[in-house]
Amino acid sequence: MRVWNVSGGTVDVTVREVLPDRSLKEITKASGGAWGGLHVSEKFRQFIQDLVGQKLMDNFKKRHPVAHLELEREIERKKRNLKGDESLKITINLPAELLELFEEKKGKSLAEFVNSSGRYREIVDVKNERLRIDMKTTLRMFKPAVDSILDHIEELVSNPVTQGLRNIILVGGFSDCKIIQEAVKEKFKRFRVVIPQEAGLAVMKGAVLFGHNPLIVSERVSPFTYGTKQLRYFLEGDPEEYKTEINGVPYCKNVFNTLAKSGETFRLGQRVTTDVAPVHAKQTQMPVILCQSDNPDQNYFDKNCKEIGTLIVDMPDTTGGLQRTVDVSLAFGETELHVTGCDRSSKKNVSVTIDLLTKK
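Here the structure is a predicted model, which is why all the values come from computation and not from measurement. (Residues numbered from 1 in each chain as written. Predicted model: local features only at pLDDT ≥ 70, side-chain atom pairs only at ≥ 80, totals over all residues. Heavy atoms only, no water.)

Enquirer: What am I meant to see in helix α4 (residues 96-106) here?
Expert: Since the α-helix advances by 3.6 residues per turn, residues separated by three or four positions end up pointing in the same direction. L98, L99, L101 and F102 are the residues of α4 that are buried. Looking straight down α4, one finds its buried side chains confined to an arc of 165°; they lie on one side. In this structure, the buried residues of α4 make contact with α1 (37-52), α2 (54-63), α3 (65-80) and α5 (110-115). Positive backbone phi, approximately 80°, marks G107, located one or two places after α4. (Buried < 20%, exposed > 50% of the residue type's maximum accessible area, 1.4 Å probe, protein only. Helix = DSSP H or I, 4+ residues; strand = E, 2+ residues; numbered from the N terminus. Arc of directions from axis to C-beta. Contact = heavy atoms within 4.5 Å.)

Quick look at the structure:
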């Protein structure tokens, strides 16, 4: 069985296969974008701000922070459980403090302003501290997020590696939204769309279960290309701007030495190894700089790369000169990378653990 996961304030999509031992194997790396509920909430906030004016809204936030927080909560409630009234309008309760401030600054009530406005008269009305927005206007606030989610899922289900997918599971706060649920069901009728009870809490519950049993995800797809930044002998075809000389020998700096490529599948605890050599005969320490990139074919450390960690390996025995070697190994943990450097001469090890949850 294969399942599809959609979650987050941003939207993260992952395809996983349930193996015979009931553990999960990732089929695709997590992907997505800023198309989640926060994007829609911002559209609602922007609409109300445009209606009352930015300066007045800024003043409202400063003078009435509690009332502003309640407005944020009201927007969140309406966004998740969107139902129009008999006139097909969405009702948002506005704080009395905001309405009073508007009348104080503008000399007229918000209802009077709306009724006299050619821009807003046909799409909103205000009655008894309630802002009622036309359904078509509301749906336009959702459209960019909905279209992006559907397009991204369509792109991924067209990938040959996802063939056999039968279930789509919607989790995370935005999956409580009826518009998202109906859009996914309508677009992907050939799949069974599952929305678990309390879908907004599913991500947190999953994290707790994963904490108790990290082996539940037995194979992962590397989200990035990982490697080391290092020097090596300059080769034909290397960029001239990376050429440097050490003791008269031409070297190439900023070489990206790949350990794991983006999109490759790795078992839990699987190791990949490489080795590095000193560039000075009397060198007693070897710095190993760990890097990541989105490009699976990264060859040089450039603007598309970033450093994610460094380990320093002691090399006290210098009798081997330039012929000495440090073995570098990378092991995939649950949500971490475990990197070890070992000097072959002294057998001294240095390890570092990189938390992938904070390395985005």
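Enquirer: So what exactly am I meant to see when it comes to the nonpolar core here?
Expert: Here is a general trend for soluble globular proteins: nonpolar side chains tend to be buried in one another's company. Ranked by internal contacts, the top residues of the largest apolar core, which has 48 residues, are L94 and L110. It is helix α6 (residues 135-157) that provides the largest number of residues to this core, a total of eight residues. Each residue touching L110, except ones within four places of it in the same chain, is listed here: L51, V52, L94, L99, F102 and V126. Grouped together as the second largest cluster of nonpolar side chains are 21 residues, L259, A260, F332 and V339 included. (Core = buried A, V, L, I, M, F, W, Y, C linked by side-chain atoms within 4.5 Å.)

Enquirer: Is there a simple way to think about empty space enclosed by the protein in this case?
Expert: Under the defined criterion, the tally for this structure stands at two cavities of 30 Å³ or more. Its volume calculated, the second largest cavity comes out at about 30 Å³. Lining the second largest cavity are Y226, G227, L290, C291, I308, L330, L337, V339 and I354. Residues that form the lining of the second largest cavity fall into these classes: eight nonpolar, one polar and no charged. (1 Å grid on protein atoms, 1.4 Å probe; cavity = no way out; pocket = protein on both sides within 12 Å on 5 of 7 lines; lining within 4 Å. Points joined across faces, edges and corners; volume = space filled by probe spheres on them. Nonpolar A, V, L, I, M, F, W, Y, C, P; charged D, E, K, R; others polar.)

Enquirer: Explain the sheet that holds strand β11 (residues 225-233) to me, please; I cannot follow it from the model alone.
Expert: Strand pairing in a sheet takes place through backbone hydrogen bonds and is either antiparallel or parallel in direction. Here we have five strands laid out as an open sheet, ordered β12-β13-β11-β16-β17, and antiparallel in their pairing. A strand with exactly one partner marks an edge of an open sheet, and here the two such strands are β12 (243-246) and β17 (305-314). Across the sheet, the mean angle from the axis of one strand to that of its neighbour is 40°, orientation sign disregarded. Here seven bridges tie β11 to strand β13 (residues 249-260), and the two strands are oriented antiparallel to one another. Bridged to G227 within β13 is T258. (Pairing = 2+ DSSP bridges. Axes fitted to C-alpha atoms, helices over the stretch in contact; angles between N-to-C directions.)

Enquirer: I would appreciate a short explanation of the packing of aromatic side chains in the present structure.
Expert: Two aromatic rings are characterised by how far apart their centres lie and by the angle between their planes. Under the criterion given, the structure shown has eight aromatic pairs. Each ring, one from F47 and one from Y120, has its centre 6.1 Å from the other, and the planes form 85°; the classification is edge-to-face. In this pair, F47 is assigned in helix α1 and Y120 in the loop between α5 and β6 (124-127), connecting sequence segments 73 residues apart. With respect to burial, F47 and Y120 carry one shared label: buried. Measuring from ring centre to ring centre gives 5.5 Å for Y242 and Y300, while their planes differ by 45°; the resulting arrangement is tilted. Remark: Y300 occurs in the loop between β16 (285-293) and β17 and Y242 occurs in the loop between β11 and β12; sequence separation between them is 58 residues. A connected cluster of aromatic rings, assembled from ring pairs, spans F47, F102, F113 and Y120. Taking the ring centre of F234 as reference, the NZ or CZ of K243 above it sits at 5.1 Å. (Phe/Tyr/Trp six-rings, centres within 6.5 Å; stacked < 30°, edge-to-face > 60°. Lys NZ or Arg CZ within 6 Å of the ring centre and 35° of its normal.)

Enquirer: Would you take a moment to explain unusual backbone geometry for this structure?
Expert: A negative phi angle is the norm for most residues apart from glycine, just as the trans form is the norm for most peptide bonds. Although it is not a glycine, N128 sits at a positive phi angle of roughly 50°. Relative to the helices and strands, N128 is located in the loop between β6 and β7 (130-134). The exposure class of N128 is exposed, given its relative accessible area of 68%. Non-glycine residue E129 carries a positive phi angle of around 65°. Relative to the helices and strands, E129 resides in the loop between β6 and β7.

Enquirer: Explain a nonpolar patch on the surface to me, please; I cannot follow it from the model alone.
Expert: Nonpolar side chains collect at one region of the surface, where L201, M204 and V208 lie side by side and expose about 270 Å² of accessible area between them. In this fold, V208 is placed in helix α8 (residues 199-212). (Patch = residues over 30% accessible without salt bridge, like charges linked within 9 Å, V, L, I, M, F, W, Y side chains within 5 Å. Areas by Shrake-Rupley, 256 points an atom, 1.4 Å probe, with all protein chains shown as cover. Salt bridge = Lys/Arg side-chain N within 4 Å of Asp/Glu carboxyl O.)

Enquirer: Whenever I open this one, the packing of α1 against α3 confuses me. Can you help?
Expert: Any two packed helices are characterised by the angle at which their axes cross and by the distance between the axes. Two elements in contact, α1 and α3, have axes whose closest approach is 10 Å; the angle formed by their N-to-C orientations is 120°. For the element pair α1 / α3, the angle class is oblique. Crossing of α1 against α3: the hand is right-handed. For the pair α1 and α3, contact is made by G37, L38, V40, S41, F44, R45 and I48 and by L71, E72, I75, E76 and K79, respectively. A class-by-class count of the residues in the contact of α1 with α3 yields six nonpolar, two polar and four charged. (Parallel < 35°, antiparallel > 145°, perpendicular 65-115°, else oblique. Left-handed = near helix turned anticlockwise from the far one by under 90°.)

Enquirer: Where do I start with the environment of E97 in this structure?
Expert: Its place among the elements puts E97 in helix α4. When neighbours within four sequence positions are excluded, E97 is seen to be in contact with F60, H64 and A67.

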